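Structural description and commentary
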Amino acid sequence: MTTGSGPDPELLGLVEDYFSKTFTPDVVAEVERSGLPPRLWAETEELGLPLIGVDESLGGAGGSLLDLVAVAEGAGRHATPLPLVETALAAWLLASAGVVVATGPLAVVPDTSGLWLAGNRLTGCARHVPWARSAGRVVAALGDQVVSIDPTRLDITPGTDLAGMPRDTVTANNIDVDVHRSDVDADALLLRGALLRSAQIAGAINAALELTNRYVRQRVQFGKPIGAFQAVQAHVVELAEVSALTDLCVQRAAIAAIRGRASLEIVATKSVANRNAGLATRAAHQAHGAIGMTQEYSLQLITRRLHTWRGDFGDETTLNLRLGAAVPHTGCIAAAVTSVGSTTGV
């Protein structure tokens, strides 16, 4: 794997080959019904995909942030129903504290505002925690501390997001937890999570574009493919535009994140990705008509995830308010936005 100017080409080929062959629409639908499949997780873990970006000395698979972004993008493109991003984030937190990462799926708490520590005892409630019920450990960032929690000590109320994936409520009643010092805080976790979710959104939009292009070429109406009609072409063009824009923003933000915190680039990218997720969903379903709304057709697997992910690690309003509040302090917003080497924070 590379730490240079782009992800490892061999990794890109592996991700596309494995995800495309393994996570067919039928498999994704079955996971939505039945939960995390141990066999598929074990296969994915054996390839090292969940722990890319974590040093091998700490139990990871090595590789760069760009490699990890490529995995997230591939997971989004194929609606991969596994906690890949969640495990990667939790493992990154643990590794930042020098903790060797064990095998198995991990969960990370996106919002710890309802949790508090007293020594090594944790109390409180966190909502919308992806995959908590399936995790070997639940990990959270509280101040300058990383907390690793045995999920059997938690009260977990199962929930489900729009994509059919677990979103649980976890409650800690003064339980013992493992506490480690770290230089990674909750905002750093939010930024990394926003970058990886943006990559998943970029992949899913790309998948919606490919599916729509194929459909409008094959579907014939009035003696010719519906893609020949100008009204349908407008939807396809919009899809192509938002796909290219989202992908470009993700790549730029990832490169900036290699150099530093990249809060401006990542916050702006997630805001753009959130907006584009809505535009892409509308355009794809407009081009497909009624068939796009059926369970039998795979477009809904993609668009349900787009709607779910656009609210993770910052919705549009929250992110735009953060950007707006920083504008008066940037000096020159145009330079900050257009310079790849910008160190402007938000």
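Under an unreviewed UniProt entry, the name given to the protein chain is Acyl-CoA/acyl-ACP dehydrogenase, and the organism recorded is Mycobacterium pinniadriaticum. Quoted verbatim from the Sequence similarities (unreviewed entry) field of the UniProt record, the comment on the protein chain reads "Belongs to the acyl-CoA dehydrogenase family." Checking UniProt for the protein chain, the heading Cofactor (unreviewed entry) contains the comment "FAD".

A few words now on the overall build of the protein chain. Per the secondary structure count, the protein chain includes 11 helices and 10 strands. Relative to the globule expectation of 20 Å for 346 residues, the C-alpha radius of gyration of the protein chain, 20 Å, shows essentially globular dimensions. The dimensions of the protein chain, computed from C-alpha atoms along their principal axes, are 70 × 55 × 35 Å. Within the protein chain, the fraction of its 346 residues that count as buried is 53%.

Looking now at the packing of aromatic side chains. The final tally for this structure, using the stated rule, is 5 aromatic pairs. Plain terms: the ring middles of Phe19 and Phe23 are 5.8 Å apart, the flat faces sit at 65° to each other, and that makes the pair edge-to-face. Judged by relative accessible area, which is 0%, Phe19 ranks as buried. Residue placement shows Lys224 over the ring face of Phe229; its charged tip is 4.8 Å from the ring centre.

Attention now moves to the nonpolar core. Membership of the largest hydrophobic core comes to 66 residues, with the highest contact counts inside it found for Phe19, Leu49, Val69, Leu93, Leu195 and Ile266. Of the residues forming this core, the biggest block, 10 residues, is contributed by helix α5 (residues 84–96).

Under the feature "domain: Acyl-CoA dehydrogenase/oxidase C-terminal" (unreviewed entry), the UniProt entry names residues 192–306. Helix and strand shares over residues 192–306 are 79% and 3% respectively, and the end C-alpha atoms of the span are 18 Å apart.

Before going further, it helps to spend a moment on the sheet that holds strand β7 (residues 167–176). Ordered in space as β2-β3-β7-β6, the 4 strands form an open sheet in which the pairing is antiparallel. Either end of the sheet is taken by a strand with one partner, and the two such strands are β2 (115–118) and β6 (155–157). Adjacent strand axes in the sheet meet at a mean angle of 15° when their direction is disregarded. Pairing between strand β3 (residues 121–130) and β7: 7 bridges, direction antiparallel. The residue of β7 that forms the bridge with Cys125 is Thr171.

Along the chain, Gln300 falls in helix α9 (residues 299–309). Residue class for Gln300 comes out buried when judged on its relative accessible area of 12%. Within polar-contact distance, the side chain of Gln300 engages the backbone oxygen of Gln295 at 3.2 Å. When sequence neighbours within four positions are dropped, the list of residues in contact with Gln300 reads Gly292, Thr294 and Gln295.

Counted according to the given criterion, the structure contains 20 salt bridges. Here Arg77 ties to Glu73 by a salt bridge, and the two come within 2.3 Å at their closest N and O atoms. One end of the pair, Arg77, and the other, Glu73, are both in helix α4 (residues 65–77), 4 residues apart, so they sit about a helical turn from each other. The pair formed by Arg77 and Glu73 is uniform in burial state, with each residue classed as buried. Two residues, Asp187 and Arg322, come together in a salt bridge whose shortest N-O distance is 2.9 Å.

This part takes up the pairing of β2. Where β2 and β3 come together, 4 bridges link them in antiparallel fashion. Note on β3: the bridge partner recorded for Trp116 is Thr123. Where β2 folds back onto β3 in an antiparallel hairpin, the turn is made up of 2 residues, including Gly119, whose phi is positive at roughly 70°.

Turning to the pairing of β7, a few remarks are in order. Every other side chain in a regular strand lies on the same face of the sheet, so the side chains alternate between the two faces. Where β6 and β7 come together, 3 bridges link them in antiparallel fashion. The residue bridging Asp155 from the neighbouring strand is Thr171, located in β7.

This part takes up α9. The buried fraction of α9 amounts to 10 of the 11 residues, a majority that puts the element mostly inside the structure. Those residues of α9 hidden inside the fold are in contact with α2 (25–34), α4, β7, α6 (186–218) and α8 (263–288).

Attention now moves to unusual backbone geometry. Excluding glycine, most residues fall at negative phi; most peptide bonds, likewise, are trans. For Asn174, which is not a glycine, the phi torsion comes out positive at approximately 55°. Inspection of the secondary structure puts Asn174 in strand β7. Residue Asn174 is classed as partly exposed on the basis of its relative accessible area of 41%. Its identity as a non-glycine residue notwithstanding, Ala262 has a phi of 55°, on the positive side. For Ala262, the location among the structural elements is in the loop between α7 (230–259) and α8. Note on Ala262: relative accessible area 10%, which makes it buried.

Once that is clear, we can look at the packing of α7 against α8. Where α7 contacts α8, the axes come no closer than 9 Å and their chain directions differ by 160°. In terms of orientation, α7 lies roughly antiparallel with respect to α8. Seen along the crossing, α7 lies across α8 with a hand that is left-handed. Considered class by class, the residues forming the contact of α7 with α8 number 17 nonpolar, 5 polar and 4 charged.

Reading the values: the criteria
- Residues numbered from 1 in each chain as written.
- Predicted model: local features only at pLDDT ≥ 70, side-chain atom pairs only at ≥ 80, totals over all residues.
- Heavy atoms only, no water.
- UniProt positions renumbered as here; feature names shortened; annotations may be inferred.
- Helix = DSSP H or I, 4+ residues; strand = E, 2+ residues; numbered from the N terminus.
- Rg over C-alpha atoms; globule rule 2.2 N^0.38 Å.
- Buried < 20%, exposed > 50% of the residue type's maximum accessible area, 1.4 Å probe, protein only.
- Phe/Tyr/Trp six-rings, centres within 6.5 Å; stacked < 30°, edge-to-face > 60°.
- Lys NZ or Arg CZ within 6 Å of the ring centre and 35° of its normal.
- Core = buried A, V, L, I, M, F, W, Y, C linked by side-chain atoms within 4.5 Å.
- Pairing = 2+ DSSP bridges.
- Axes fitted to C-alpha atoms, helices over the stretch in contact; angles between N-to-C directions.
- Polar contact = N/O pair within 3.5 Å; in protein donor to acceptor, adjacent residues only side chain to side chain.
- Contact = heavy atoms within 4.5 Å.
- Salt bridge = Lys/Arg side-chain N within 4 Å of Asp/Glu carboxyl O.
- Parallel < 35°, antiparallel > 145°, perpendicular 65-115°, else oblique.
- Left-handed = near helix turned anticlockwise from the far one by under 90°.
- Nonpolar A, V, L, I, M, F, W, Y, C, P; charged D, E, K, R; others polar.

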